[in-house]
Amino acid sequence: MKLRSNQLGPIYGHTSVMTGSLLDDHHWHSVVIERQGRSINLTLDRGVQHFRTNGEFDYLDLDYEITFGGIPFSGKPSSSSRKNFKGCMESINYNGINITDLARRKKLEPSNVGNLSFSCVEPYTVPVFFNATSYLEVPGRLNQDLFSVSFQFRTWNPNGLLLFSQFAENLGNVEIYLTESKVGVHINITQTKMSQIDISSGSGLNDGQWHEVRFLAKENFAVLTIDGDEASAVRTNSPLQVKTGEKYFFGGFLNQMNNSSHSVLQPSFQGCMQLIQVDDQLVNLYEVAQRRPGSFANVSIDMCAIIDRCVPNHCEHGGKCSQTWHSFQCTCEETGYSGATCHNSIYEPSCEAYKHLGQTSNYYWIDPDGSGPLGPLKVYCNMTEDKVWTIVSHDLQMQTTVVGYSPEKYSVTQLVYSASMDQISAVTSSAEHCEQYVSYFCKMSRLLNTPDGSPYTWWVGKANEKHYYWGGSGPGIQKCACGIERNCTDPKYYCNCDADYKQWRKDAGFLSYKDHLPVSQVVVGDTDRQGSEAKLSVGPLRCQGDRNYWNAASFPNPSSYLHFSTFQGETSADISFYFKTLIPRGVFLENLGNTDFIKLELKSATEVSFSFDVGNGPVEIVVRSPSPLNDDQWHRVTAERNVKQASLQVDRLPQQIRKAPTEGHTRLELYSQLFVGGAGGQQGFLGCIRSLRMNGVTLDLEERAKVTSGFKSGCSGHCTSYGANCENGGRCLEKYHGYSCDCSHTAYDGTFCNKDVGAFFEEGMWLRYNFQAPVVGAKEPGSRAESSPEQQNAPPDLAHESIRFSFSTTKAPCILLYVSSFTTDFLAVLIKPAGSLQIRYNLGGTREPYNIDADHRNMANGQPHSVNITRHERTVILKLDHYPSVSYHLPSSSDTLFNSPKSLFLGKVIETGKIDQEIHKYNTPGFTGCLSRVQFNQIAPLKAALRQTNASAHVHIQGELVESNCGASPLTLSPMSSATDPWHLDHLDSASADFPYNPGQGQAIRNGVNRNSAIIGGVIAVVIFTILCTLVFLIRYMFRHKGTYHTNEAKGAESAESADAAIMNNDPNFTETIDESKKEWLI
């Protein structure tokens, strides 16, 4: 149907809907089409389908005639290429007029009746139905030189034996079979020696439609034709001698024939056949039914019991339905959904959920309504802050110039988002807060204020509503941000642009009333005057928080429950939620019908049960956990039921699946309210339930708990389950909606305290951290700082230290870390001239410092290295990178206390008083490279310098400290963000990217690269590599006689890591002087 289209716009009125299946069954079918405006009811055999036509028009302007049964040749051209109807119609009514009766009485003016009669005398064909154990034996004409057979079949199975016949005189046999939805013919020839002929034709023949097969064979010739298409008939001229046999077996064969010489590889045929012709004679199936002549087994004559299991289509979200005779399957590829009926989304519902899977900022596919009708959308998840931001982009560039129009018209700027308005509404409705930045840069272009009160400019938001407020203001207030803050350029106006100045002005701010967002259109009206200019910017939609993910209620006693409206999950239902409890049993939820029901419960401390009844008897699925579930930790339960199967999963335990019977009831019919918790005297639930979703809809437990006596909305104790997400010593803090990680006492940053805080040190730069805070105003007598006991007393002596950091450098020697004291005690971590690591401890009691040398590898190779040093009294444990920990013991004469620590230095030591002479040697020119996540006990000096913390006053820096993660250890280095990754293309084309479906769970989704692109790229790489190799060979060939090369290498070069190291090993006093004998010459 087509209700006009708009030639000037994107309105397309064509609508096409299909219903029904297998209607060519020689039965009467009733069709009723009712239209009211754009609403259509299409009824087929009492099955009603409701839909609305496309476009925006309501009127159907028909021509002067309407035809039934087809298009006459003299009529107007039709948009359809289908054949005219062949069969019977009766009771044709159009708007109350009985067309059939008028045509019979010849009362139609004008009337065009062609090639029809007013009686239903359609020739009736007799079908025969085969099941898996059937066969039909038909006699043939013996010893004919022409083998001719034809028949029609319909089936859902891709394989099956259609015909078998033995040639006379033991010349061989013929098999016609269905294999991989094609018809094949296999001829065994046994005249002289074993040989065979194979031909095949057709495709997709297991579609449930009638298909005709004709096969003809004679001496040295055979031809196979499918559906009468002579152009695609398959012929062969292989050597062949034909003598027809006396028996033709359709659909199978007699069991006693299994011992004969032939071998039939195909399974038996399941389906229907009709119009069977053998040796040019139509087989009378009524005579075969009386076993004269012929025989049969387990066939049904004059009946075709074929059922279309894909109508209605139980595959959801665009899944493709395929079927066999007994069942159907759903192909869910490229849909974004999984499961037996493509019901479950493979993506998380929000960025908040990805965060708690441990993911970092990136582009992700999210599905806010889960198994609901809305598809997944691609968003950017910004997880750098405590709250997660979901960002939906559009196609409007920043500072877009607004084109001027005449006063009667407006400049309309349309924004096209990377998701539909319904998908974005699902994001905003579940978010706690949303905002969108708008900016109007103007010169003689007024924004809102006009003499008659009507604004020049407005924007269109959700539900196509116009809004007359600008960024920084709110609904119903026709002002800009400066009008709210009372700081506009001209105080007489409420926007800077409304002053109509000839200089550039700007009105900008955030629109934060989320029920109006997103901005879909901006209409600007004051750009038509001489000198008027304007530029418009609209930022992406930003939303934070997920009210659904943390929506929870506490059940205070086992008899308490919350009630909701009846659950509507007739043929497909999914339920998911989190729970935590201390009791071993209780009912999570239950919904009842007359006999049908659905129920989820905790049966014991280790068992969760999902039970239901759809009319075939109660079914129960139980998941058993190896550990108790009543441990006051959050556990996730996911249950699903559809016409194919039912499943239950708890946490990451193996999913338990129960197949549904192929025949029987499939609809779950419930009538009572849905009870969450125990009702009707059952053992209820005591604990917390959150994020309860049923068929993609989150039940608002918090809101229902607020209006139900004895209940408490929300749940506490999130840190008991999620505290482990706070890494590297981060502390978990409870919040009403979730939790957060406190990283203040760690050397890390980020949402989960897993982001390294590091910096690049140039040559000569150093950092000092004073363990004793500087005395403020110490020169003033009687000041409060002077009398502070905390600053008068030095830090306590240390019996143990823990030092952790990572670094990278290419310069040696240097000082990485040095801890001084008010006494002679010190601790130093050095890089020796050869590049190895050394730790020097001086705790008193010994004449010389105790040195720990890690000589097993070069640490000044530019790679990140991790260092972990722990001392407890005289025991020092050192761990480098991934190598095993090594224990060292200070001399027994050494003291066990680090007395009066004073300062910690990074990069260089600038300290007053006496310093060890060896340290002086390493102090010039200083450390050059990167240091990251430096931590000394509970002190993070580098983080205190780069972040404003309570310890920032203790830090003094010489030089400019530049933050960098170049020294981060590979063990803790987070992935490069998509915004800075040059190989990550998502941010370039996020609006038009296709679904790269079926990723690993919880991984960031990048634009998929298909297999063809990978092959092409590989071929190009091989070609380039071959060309380069050829060039190298030619160059070597051309210059093969140009001279010789001679070096005077230092001794020990074989074992040295570099030429410089070899010279240094050979000459310990080597500095920067190169002896003439160690020069290299090119002769």
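Asks: How should the environment of Glu601 be read in this particular structure?
Replies: Within the element layout of this structure, Glu601 appears in strand S39 (residues 597–604). The exposure class of Glu601 is buried, given its relative accessible area of 17%. Along the backbone, Glu601 and Phe685 are 84 residues apart, and their C-alpha atoms lie at a distance of 8.5 Å. Not counting the four nearest positions on each side in its chain, Glu601 is found in contact with Gly586, Val587, Phe588, Glu607, Val608 and Ser609.

Asks: Just checking my understanding: could you explain the environment of Lys387 for this structure?
Replies: With respect to the secondary-structure elements, Lys387 resides in the loop between strand S24 (377–382) and strand S25 (389–392). Given the relative accessible area of 36%, Lys387 is considered partly exposed. Counting along the chain gives 156 residues from Lys387 to Cys543, while the straight-line C-alpha distance between them is 9.8 Å.

Asks: Would you take a moment to explain the packing of aromatic side chains for this structure?
Replies: Pairs of aromatic rings are described using the distance from one ring centre to the other and the angle between the two planes. Summed over the entire model, instances satisfying the criterion amount to 33 aromatic pairs. An angle of 75 degrees between the planes, with centres 5.9 Å apart, marks the rings of Tyr769 and Phe771 as edge-to-face. As far as the burial class goes, Tyr769 and Phe771 line up, both buried. Cluster of aromatic residues (ring-pair linked, three or more members): Phe555, Phe577, Phe579, Phe588 and Phe685. When the ring centre of Tyr494 is taken as reference, the NZ or CZ atom of Lys479 above it lies at 4.5 Å. Across from the ring centre of Tyr549, 5.0 Å away, lies the NZ or CZ of Arg690, which sits over that ring.

Asks: Teacher, can you tell me more about the state of the cysteines here?
Replies: Disulfide: a covalent bond formed between the sulfur atoms of two cysteine residues. Enumeration over the complete set of coordinates arrives at 14 disulfides. Each disulfide pairs two cysteine sulfurs, and for Cys442 the partner residue is Cys497, the sulfurs being separated by 1.9 Å. Torsion about the S-S bond of the Cys442 and Cys497 cystine: about -100 degrees, corresponding to left-handed handedness. Note that Cys442 is positioned in strand S28 (residues 433–443) and Cys497 in the loop between helix H5 (481–485) and strand S31 (505–511), a separation of 55 residues in sequence.

Asks: Honestly, the sheet that holds strand S45 (residues 674–677) in this entry has me stumped. Any pointers?
Replies: Hydrogen bonding along the main chain pairs the strands of a sheet, whether they run parallel or antiparallel. Strand order in this open sheet of 6 strands is S36-S45-S38-S39-S40-S41, and the pairing throughout is antiparallel. Of all the strands in the sheet, just strand S36 (561–564) and strand S41 (619–624) have a single pairing partner and so form its edges. Adjacent strand axes in the sheet meet at a mean angle of 15 degrees when their direction is disregarded. Two elements, strand S40 (residues 607–613) and S41, share 6 bridges in a ladder whose sense is antiparallel. If you follow Glu607 over to S41, its bridge partner there is Arg624.

Asks: Looking at this model, I keep getting lost on the sheet that holds strand S3 (residues 47–52). Mind explaining?
Replies: Strand order in the open sheet formed by 3 strands is S1-S2-S3, and the pairing between neighbours is antiparallel. Edge positions in the sheet fall to strand S1 (31–36) and S3, since each has one partner strand and no second. When strand polarity is set aside, the average angle formed by the axes of neighbouring strands in this sheet is 15 degrees. Across 6 bridges, the pairing between S1 and strand S2 (residues 39–44) is antiparallel. Of the residues in S2, the one forming a bridge with Arg35 is Ile40.

Asks: So what exactly am I meant to see when it comes to empty space enclosed by the protein here?
Replies: Over the atoms rolls a probe the size of a water molecule, and in doing so it shows where empty space is left. A full pass over the atoms with the stated rule returns 1 cavity of 30 Å³ or more. Considered as a void within the structure, the largest cavity measures approximately 30 Å³ in volume. Taken together, Tyr841, Asn842, Leu843, Thr846, Tyr850, Leu890, Pro891 and Ser894 form the lining of the largest cavity. When the residues that make up the lining of the largest cavity are grouped by side-chain class, the tally is 5 nonpolar, 3 polar and no charged.

Asks: What am I meant to see in the pattern of salt bridges here?
Replies: A side chain of one charge can pair with a side chain of the opposite charge when the charged atoms of the two come close. Tallied over the full model, the rule gives 17 salt bridges. Between Arg105 and Asp101 there is a salt bridge, with the nearest N and O atoms lying 2.9 Å from each other. A salt bridge links Asp742 to Arg731, with the shortest nitrogen-to-oxygen separation between them at 3.0 Å. Of this pair, Asp742 sits in strand S50 (residues 738–742) while Arg731 sits in strand S49 (residues 731–735), and the two are 11 residues apart along the sequence.

Reading the values: rules and limits
Residues numbered from 1 in each chain as written. Predicted model: local features only at pLDDT ≥ 70, side-chain atom pairs only at ≥ 80, totals over all residues. Heavy atoms only, no water. Helix = DSSP H or I, 4+ residues; strand = E, 2+ residues; numbered from the N terminus. Buried < 20%, exposed > 50% of the residue type's maximum accessible area, 1.4 Å probe, protein only. Contact = heavy atoms within 4.5 Å. Phe/Tyr/Trp six-rings, centres within 6.5 Å; stacked < 30°, edge-to-face > 60°. Lys NZ or Arg CZ within 6 Å of the ring centre and 35° of its normal. Disulfide = S-S within 2.5 Å. Pairing = 2+ DSSP bridges. Axes fitted to C-alpha atoms, helices over the stretch in contact; angles between N-to-C directions. 1 Å grid on protein atoms, 1.4 Å probe; cavity = no way out; pocket = protein on both sides within 12 Å on 5 of 7 lines; lining within 4 Å. Points joined across faces, edges and corners; volume = space filled by probe spheres on them. Nonpolar A, V, L, I, M, F, W, Y, C, P; charged D, E, K, R; others polar. Salt bridge = Lys/Arg side-chain N within 4 Å of Asp/Glu carboxyl O.

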